[in-house]
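# Observations on the model geometry
Residue strings, one per chain:
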Amino acid sequence: MSSVSDFTEGLKAKLTALESAGLLKRERPMTGAQAVDINASGKDLLNFCSNNYLGLANNSQIISAAKNALDTYGFGMASVRFIAGTQSQHIVLEEKLTHFLKTKATILFPSCFDANGGVFEALLDENDAIISDSLNHASIIDGVRLCKAKRFRYNNRDLADLELQLIAAKDAKNILIVTDGVFSMDGYFAPLEGICDLADKYGALVMVDDSHATGFIGKTGAGTPELFGVQDRIDILSGTLGKALGGASGGYISSRHPAIVDMLRQKARPYLFSNSVPPMVVAGTIAALDLIAANPELAKKTMENAALFRKLMVDNGFDLLPGEHAIVPVMFSDEHVAVSMAKALFDRGIYAVAFSYPVVPMGKARIRIQLNASHTPEEIKACVKAFVDARESLSPVVSTQ
Ligand SMILES: *Cc1c(COP(=O)(O)O)cnc(C)c1O
């Protein structure tokens with residue numbers, strides 16, 4: 001048997017290996033609020049890598065709603081929902097989300113990670129099957145692992161492969177297809193119409209995790225089901241309060257079938273055994289939903305900013321994954337070049353992150369830029385200029401053509 005010190009020495013060796021492989025993740029402490037203009041690691045930067053899609057994370061109306069809630073509802077709940085952790089405003093937020101998403105019922109979770117962690121095990125058992133997109137979020141993968149249903153996986157957005165998996169799963173009592181609405185590394189949308197058609201053909205349920213869409217995708221911001229006109233064909237919707245909807249924390253499951261939500265209130269373990277969403281976050285998120293409904297130009301601005309950045313980058317010869325989403329992957333075939341580019345951007349006051357293998361496939365290294373409603377055209381142009389200058393500084397290493 002090895003000693004505790006052998007164990008910690010082993011950890012240190014693994015950490016050193018991660019560092020030499022360039023895979024060690026480091027935090028960059030920011031001195032102020034989430035925004036475009038930030039100061040991090042002692043440097044003034046323009047931030048192009050947050051999920052603050054509507055720029056609401058530091059919105060004054062949301063902050064004042066949250067402050068009022070501190071006075072009225074206190075700091076914390078010190079309870080799970082079903083014991084002493086439900087305030088009237090938790091119900092209000094659930095009803096508002098239901099209205100916003102055009103579903104029938106919604107249940108809050110401490111996070112979307114928890115929503116996905118609890119939903120499968122509470123609804124399905126060993127007689128059922130789950131068919132999951134190969135690029136689904138880690139929380140879906142973990143949630144599926146916690147459930148006894150048989151597991152099937154289809155290649156990312158590949159409807160032909162999904163159909164093969166539906167055929168393979170056909171003996172299951174219930175079949176659930178689950179997909180991200182938007183894939184976070186590529187900014188690609190899931191082909192929801194085709195997925196719903198196949199679900200109808202094989203009698204399967206459909207679940208969409210719309211964390212990178214809720215609030216700004218679709219005509220009213222209701223997300224990818226609204227964008228693709230399949231709102232009344234999606235059975236389970238999960239999402240986060242931690243991105244476009246103010247960015248604090250919390251998640252939800254929403255459904256057009258009230259029985260699904262009713263059952264989650266009885267059986268979903270993160271709902272039953274983890275603390276309620278804090279009062280000020282509930283109030284702030286309610287204010288965020290009101291702001292989004294009253295200001296449709298916010299989401300429009302996010303998408304216009306994404307389109308402007310995409311156009312300027314293509315004009316300057318950069319290789320982007322095509323699309324419209326505010327996630328814009330700038331591609332580099334070489335892993336080291338992507339990392340050097342991100343460093344060169346940082347030196348030029350642009351904060352963006354490089355992703356390389358194993359987070360993305362080998363040879364598909366990228367810098368992921370995320371636009372939001374708060375970026376100005378000048379800031380977007382400054383970002384593009386920094387890309388051009390950074391490429392120059394690294395040439396002839398970087399070839400983007
Ligand atoms: C961000 C994200 C989550 C996690 O949301 P939290 O509320 O931060 O736990 C889950 N699923 C997807 C697809 C996400 O992008």
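Just above sits the structure.
### Notes on the sheet that holds strand β9 (residues 205–209)
- Taken together, 7 strands build an open sheet; the order of strands is β3-β11-β10-β9-β6-β4-β5 and the sheet is mixed. Bordering the open sheet on either side are β3 (105–109) and β5 (150–154), each of which pairs with just one other strand. This sheet shows a mean twist of 20° between the axes of neighbouring strands, independent of strand direction.
- When β3 meets strand β11 (residues 251–255), the two strands line up antiparallel, connected through 5 bridges. Note that in β11 the partner of Leu108 across the bridge is Tyr252.
- Sitting on the sheet, helix α5 (residues 112–123) is in contact with β3, β4 (129–133), β6 (175–180), β9, β10 (236–240) and β11, with an inclination near 155° to β10.
- Along the sheet, helix α8 (residues 192–202) contacts β5, β6 and β9; its crossing angle with β6, the most-contacted strand, is approximately 175°.

### Remarks on the pairing of strand β12 (residues 327–332)
- Among the 6 residues that make up β12, 6 are buried, leaving the element largely enclosed by the rest of the structure.
- Both faces of β12 are covered, namely the face carrying Ile327, Pro329 and Met331 and the face carrying Val328, Val330 and Phe332.

### Section: the state of the cysteines
- This model, assessed by the stated rule, comprises 0 disulfides.
- Summary of cysteine pairing: Cys112 is not part of a disulfide, and the nearest cysteine sulfur, belonging to Cys147, is at 17 Å.
- Classification of Cys112 by relative accessible area gives buried; the value is 7%.
- Left unpaired, Cys383 is separated from the closest cysteine sulfur, that of Cys49, by 10 Å.

### Description of a nonpolar patch on the surface
- A cluster of nonpolar residues, Leu15, Leu18 and Leu23, forms a patch on the protein surface that exposes about 220 Å² of accessible area.
- Along the chain, Leu18 falls in helix α1 (residues 4–20).

### Regarding the pattern of salt bridges
- Under the definition given, this model contains 16 salt bridges.
- Here Arg145 ties to Asp142 by a salt bridge, and the two come within 3.2 Å at their closest N and O atoms. Of this pair, Arg145 and Asp142 both sit in helix α6 (residues 138–145), 3 residues apart, roughly one helical turn.
- Asp142 gets classed as partly exposed once you look at its relative accessible area, which sits at 29%.
- Residues participating in the shared-partner salt-bridge network are Arg81, Glu94 and Arg265.

### Details of the packing of aromatic side chains
- Counted by the stated rule, this structure contains 6 aromatic pairs.
- Clustering of aromatic rings is evident, with ring pairs tying together Phe309, Phe318 and Phe387.
- Taking NZ or CZ as reference, Arg28 lies 4.0 Å from the ring centre of Phe346, over its face.
- Looking at Arg391, its charged tip hangs above the ring of Phe318, at a distance of 4.1 Å from the centre.

### Section: helix α2 (residues 60–73)
- Counted at 1.5 Å a residue, the expected span for α2 with its 14 residues is 20 Å, and the 19 Å between its end C-alpha atoms agrees.
- Regarding α2, the residues found buried are Ile62, Ala65, Ala66 and Ala69. Taken around the axis of α2, the buried residues stretch over an arc of 100°, which confines them to a single face. Exposed residues pointing more than 90 degrees away from the buried face of α2 are listed as Ser60, Lys67 and Asp71.
- Elements that come into contact with the buried residues of α2 comprise α12 (279–294).
- Its side-chain oxygen placed 2.8 Å from the backbone nitrogen of Gln61, Asn59 serves as the N-cap of α2.
- At the C-terminal side of α2, Gly74 shows a positive phi close to 85°.

What counts, and where the lines are drawn
Residues numbered from 1 in each chain as written. Predicted model: local features only at pLDDT ≥ 70, side-chain atom pairs only at ≥ 80, totals over all residues. Heavy atoms only, no water. Pairing = 2+ DSSP bridges. Helix = DSSP H or I, 4+ residues; strand = E, 2+ residues; numbered from the N terminus. Axes fitted to C-alpha atoms, helices over the stretch in contact; angles between N-to-C directions. Contact = heavy atoms within 4.5 Å. Buried < 20%, exposed > 50% of the residue type's maximum accessible area, 1.4 Å probe, protein only. Disulfide = S-S within 2.5 Å. Patch = residues over 30% accessible without salt bridge, like charges linked within 9 Å, V, L, I, M, F, W, Y side chains within 5 Å. Areas by Shrake-Rupley, 256 points an atom, 1.4 Å probe, with all protein chains shown as cover. Salt bridge = Lys/Arg side-chain N within 4 Å of Asp/Glu carboxyl O. Phe/Tyr/Trp six-rings, centres within 6.5 Å; stacked < 30°, edge-to-face > 60°. Lys NZ or Arg CZ within 6 Å of the ring centre and 35° of its normal. Expected span 1.5 Å × (residues − 1). Arc of directions from axis to C-beta. Polar contact = N/O pair within 3.5 Å; in protein donor to acceptor, adjacent residues only side chain to side chain.

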